[in-house]
Every structure is written in C-alpha cells, then in structure tokens.
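Fold and contact review
Each chain is listed here by its residues.
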2 protein chains.
Amino acid sequence: MTMPEQPYNVYEDRCPTRLVLDRLADKWALLILDRLRGGPLRFNHIRREIKGISQKVLSQTLRKQERDGLITRTIFPTVPVTVEYALTPLGRTLTETVSALTHWAEKNMDAILAAQRTYDERDAS
Amino acid sequence: MTMPEQPYNVYEDRCPTRLVLDRLADKWALLILDRLRGGPLRFNHIRREIKGISQKVLSQTLRKQERDGLITRTIFPTVPVTVEYALTPLGRTLTETVSALTHWAEKNMDAILAAQRTYDERDAS
DNA sequence: CGGTATCCCAGGCGATACTG
DNA sequence: CAGTATCGCCTGGGATACCG
C-alpha cells in the first residue's frame, strides 16, 4: 500500500487555465460543440458527423458537457425515443471564444508545419 | 497480426481545430507557454514553477513546442551548462490568443461549478 | 545543470454484447 | 434510436537510475 503523499492538485487556486482545458482538451469535446453550433442534433446524427468517435466516448463526453452546463439534453417521447442535444447560452459563448483559437490555427498552420520540417531536417543531419 | 484497416485520421483536411488542440491539449503545454510570457527561463526554473510536472514530461513537452516553432532553446556553454527557453513570435501570438479562453474561464468558472452542483443534486434525487 | 533510459502501472479507449 | 455494461489492450506518464 503506497501513500504517495498528496499528489499535486493542478486545480488548486481554481486555476482558470486548467478549468477550460478540462472542458476542451480531449479528442472530441471541441468537435462536438462545433457541430452543435448549427442547431440541435440527435445522438446518432452527431456520431455520424464525427467519424471515428465511439458510442461510449460520445456518450461520456455529452454527459460531461451537460453536467458543465454547456449543452442540454432533451428527450422526446417518440417511438423509438428521440434525444436532442443543443448548446446552452453558456456553451455558445464558449464556442465563440474558441473560434479565435481556430482562426489562429488556420492562419498559422503552415508556419507550424514549416517549423516542424526545419526541425526534423536539422535533426536528420 | 491485425490490420485495423486505416483508423480514421482526425487530421484529414488539415483540420485547424485538431491542430491547435494538439499543441495545447495536454496537462502542461499551456502552463509552460504561460510561464514563458515573462521572459526566458531555464529548465529547472520552469520545473520549479510548475509544481507536479515530471522531468520527463517537461522535457518532452518543451521538445515538441520547439519543434512546432513556438519556443526556442538556447544553450549557454557555462559550466555546468545552462539552457534557456523562450517564446518565439509565433508562440507569443498563441499565448495572446489563448488569453481569450482564459478570460472566458475566469468569467464563467462559477457558472460551470454551479451547473455541476445542480446536475449532481438532480442525479442524487 | 539539464537532461536520457528503463521499468512499470493505472486508466482511457475501442470492441462487443445487451437493453428499454 | 439511444444508450449501458463488461472486457481487455495499449500507451501516457510517474518513479528511479544514470550521464555529459
């Protein structure tokens, strides 16, 4: 039985950087929020839109975003049941803020790829 | 020998969202960039500033950021050797863009925590 | 000081099967 | 349709030891 004396809690001081990272920093969270910008979507619709995501991870991610108040989950008592996911106002402000980052990426993607090539060539010499 | 027929490559179309996420979305990358905003720092200085990061991961992350052209690594031939890390202009524009997200987080942290409490209480009922 | 090399383990994720 | 449950692999990262 190990007692690793209190691993450093990265959330101490309620660090905003950590908070936002925890909402966005996985393979799929951002992609989901982005897809919802156009309006509510159903579970399997999102799943089809985002190729490669598994049912399990989609479910987990949606649940987490619902808990954070970023999206809503609405059940329609049709047969079979229909479930719609939609951005909340809070979630929408987040996607708008994130778009600044996306624009940065579009603008600087080539610079990064070029830097990588330079680095890798220097490394090969 | 399995051949999992081409797992979906999330980078297809050079997706900017994925690109930026790959630079920022680990526990430490953002924290490092943020620490460098005040000027160049040495390896162990960064390590002391960012409590909890291991030598290995710090090294890996710095290497990756250098490769991406976000930071520079300068070796001074002192004894023992001194190494300084500093933001490049590209890296600096990234930190500036990221600050929009940080401000969002500061502004909405309480809303998220409140949403979580609501969700958890409803769940407990 | 500023790393690299090695070992090792937890947990994240995909795959699969099942359900209301 | 919209999930949950279970299993098992794999890899990211901590711990430790060593090096120029």
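Residues numbered from 1 in each chain as written. Chains lettered and ligands numbered in written order. Predicted model: local features only at pLDDT ≥ 70, side-chain atom pairs only at ≥ 80, totals over all residues. Heavy atoms only, no water.

By the naming in an unreviewed UniProt entry, chain A is Transcriptional regulator, taken from Rhizobium sophoriradicis.

**What about the interface of chain A and chain B?**
Listed as interface residues are 49 residues of chain A and, on the opposing side, 49 residues of chain B. When residues of chain A are sorted by the area they lose upon contact with chain B, A:R67, A:L101 and A:W104 head the list and together hold 16% of the total. Viewed at the interface, chain B and chain A are joined by 4 salt bridges. Where A:R122 meets B:E66, a salt bridge forms, and the shortest distance between an N and an O atom there is 3.7 Å. Secondary-structure elements contributing two or more residues to the side of chain A that touches chain B are helix 1 (16-24), helix 2 (29-35), helix 4 (55-67) and helix 5 (89-124) of chain A. Here the side of chain A that touches chain B is built from residues that sort into 26 nonpolar, 8 polar and 15 charged. (Contact = heavy atoms within 4.5 Å. Buried area = accessible area lost by both parts, 1.4 Å probe. Salt bridge = Lys/Arg side-chain N within 4 Å of Asp/Glu carboxyl O. Helix = DSSP H or I, 4+ residues; strand = E, 2+ residues; numbered from the N terminus. Nonpolar A, V, L, I, M, F, W, Y, C, P; charged D, E, K, R; others polar.)

**Here we look at the protein's contact with DNA strand D**
If you check the shell around DNA strand D, you find 17 residues, and the closest are A:Q55, A:S59, A:R73, A:Y85 and B:K56. Side-chain polar atom of A:R73 to a phosphate oxygen of DNA strand D: 2.5 Å apart, as the coordinates give it. For the surface near DNA strand D, the secondary-structure elements that each account for two or more residues are helix 3 (43-49), helix 4 and strand 3 (82-87) of chain A together with helix 4 (55-67) of chain B. With 4 residues, the top contributor of residues to the surface near DNA strand D is helix 4 of chain A. Of the residues belonging to the surface near DNA strand D, the class tally is 6 nonpolar, 6 polar and 5 charged. (Near = heavy atom within 4 Å. Polar contact = N/O pair within 3.5 Å; in protein donor to acceptor, adjacent residues only side chain to side chain.)

**A few points about the relation of the copies chain A and chain B**
When chain A is brought onto chain B, the operation consists of a screw motion whose angular component is 180° and whose axial shift is 0.0 Å, with 0.0 Å RMSD remaining. Expressed as a symmetry operation, the mapping of one chain copy onto the other fits a two-fold axis. The position closest to the rotation axis in chain A is occupied by the C-alpha of A:A25, lying 2.2 Å away. (Least-squares fit on C-alpha atoms with pLDDT ≥ 70 in both.)

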